[in-house]
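Understanding the architecture of this molecule
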Amino acid sequence: MLTVDFNRLGVGPGVRVIDVGCGAGRHAFEAYRRGAEVIAFDQDANELSGVATMFDAMAAAGEAPAGATAETMCGDALALPYPDHAFDCVIASEILEHVPADDAAITELVRVLEPGGQLVVTVPRWLPERVCWALSTEYHSNEGGHVRIYKADELRDKITGRGMRFTHRNHVHALHAPYWWIKCAVGVRNDDHVLARAYHQLLVWDMMRRPLLTRVAEKALDPLIGKSVALYFTKPVVHRAAV
């Protein structure tokens, strides 16, 4: 399940991509399938071990084009171990809401992006997230949990304030918002509750089958209750005047 629109990013062969806070690797895998030179970056070594295993399996199965590369890197998003302008595309999906020092993280995301390159940041959307916080303290009060709720315009301004140009916004995963509301209402860890279990089965069925009815329904609901908001930016190219 992708939160980022790769067609909008133009990821393909030869494009240098870093997926910061990659987690289980879903966006890194898609970039690799499209032929990019991919770094899956995260602070969780256990997650990265699984990502590396999947990269190997994809390579063995011929799921990535010739010339595509993929590797994992464990580290801190507040101090990315790369030089300025190292990547053509920077992805930061569902991580900034976990980072207390989000301004420092944003500075790093912008620093490693090549002028002319693209940055996409996704976070939980304000309204669905506010409902979750109202229903459950456990949802956000845990180690590594969500430390803030963003308003999209607030986050946009944080990023454009670092010289980026805002290009697009969209909302996604409307069908997932009610699932988390149910989870928060019955207990975040109560996966065996009949409502939580039934809705989870519906989501799995939808992701596997992708029927037209739910695709149309989700597209109609995304602007209203989309679980995540995705913000797209480009880094301006600075043209120096000839002396």
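Owing to the predicted nature of the structure, the values given are computational and were not obtained by experimental measurement. (Residues numbered from 1 in each chain as written. Predicted model: local features only at pLDDT ≥ 70, side-chain atom pairs only at ≥ 80, totals over all residues. Heavy atoms only, no water.)

1. Things to note about the overall build of the chain
Scanning the chain from N- to C-terminus turns up nine helices and seven strands. Relative to its length of 243 residues, the chain is compact, with a C-alpha radius of gyration of 18 Å against a globular reference of 18 Å. For the chain, the proportion of its 243 residues judged to be buried stands at 47%. Taking the intrachain contacts of the chain between residues at least 6 apart in sequence as the baseline, contacts between residues at least 24 apart amount to 76%. Surface exposure of the chain reaches about 12200 Å², of which carbon and sulfur atoms provide 56%. Of the charged side chains in the chain, 25 are positive and 30 negative, and the gap between their average positions amounts to 7 Å. (Helix = DSSP H or I, 4+ residues; strand = E, 2+ residues; numbered from the N terminus. Rg over C-alpha atoms; globule rule 2.2 N^0.38 Å. Buried < 20%, exposed > 50% of the residue type's maximum accessible area, 1.4 Å probe, protein only. Contact = heavy atoms within 4.5 Å. Areas by Shrake-Rupley, 256 points an atom, 1.4 Å probe, with all protein chains shown as cover. Lys, Arg positive; Asp, Glu negative; His and termini not counted. Charge placed at Lys NZ, Arg CZ, Asp CG, Glu CD.)

2. Some remarks on the sheet that holds strand 2 (residues 37-42)
The sheet built from seven strands is open, its strands ordered 3-2-1-4-5-7-6 with mixed pairing. The strands lining the two open edges of the sheet, one partner per strand, are strand 3 (69-74) and strand 6 (165-172). Strand-to-strand twist across the sheet, computed as the mean angle between neighbouring axes with direction ignored, equals 15°. Where strand 1 (residues 16-20) meets strand 4 (residues 87-93), three bridges bridge the pair, whose relative direction is parallel. Within the sheet, the bridge partner assigned to I18 lies in strand 4 and is V90. (Pairing = 2+ DSSP bridges. Axes fitted to C-alpha atoms, helices over the stretch in contact; angles between N-to-C directions.)

3. Comments concerning the UniProt feature "domain: Methyltransferase type" (unreviewed entry) in the chain
Taking the UniProt record as the reference, the feature "domain: Methyltransferase type" (unreviewed entry) is found at residues 18-121. In this annotation, residues 18-121 is assigned 33% helix and 30% strand; the end-to-end C-alpha distance for the span is 12 Å. (UniProt positions renumbered as here; feature names shortened; annotations may be inferred.)

4. So, the pattern of salt bridges
Within the structure shown, the criterion is met by 19 salt bridges. Among the ionic pairs, R156 bridges to D153, the shortest N-O distance being 3.3 Å. One end of the pair is R156 and the other is D153, both in helix 6 (residues 152-160) and three residues apart, which spans about a single turn. Exposure remark for R156: the relative accessible area of 23% places this residue in the partly exposed category. It is possible to trace a salt-bridge network through shared partners that takes in D102, D103, R148, K158 and R162. (Salt bridge = Lys/Arg side-chain N within 4 Å of Asp/Glu carboxyl O.)

5. Topic: helix 2 (residues 26-33)
Counted residue by residue, helix 2 has six buried out of eight residues, so it is predominantly covered. Positive phi appears at G35, one or two residues downstream of helix 2, with a value of about 95°.

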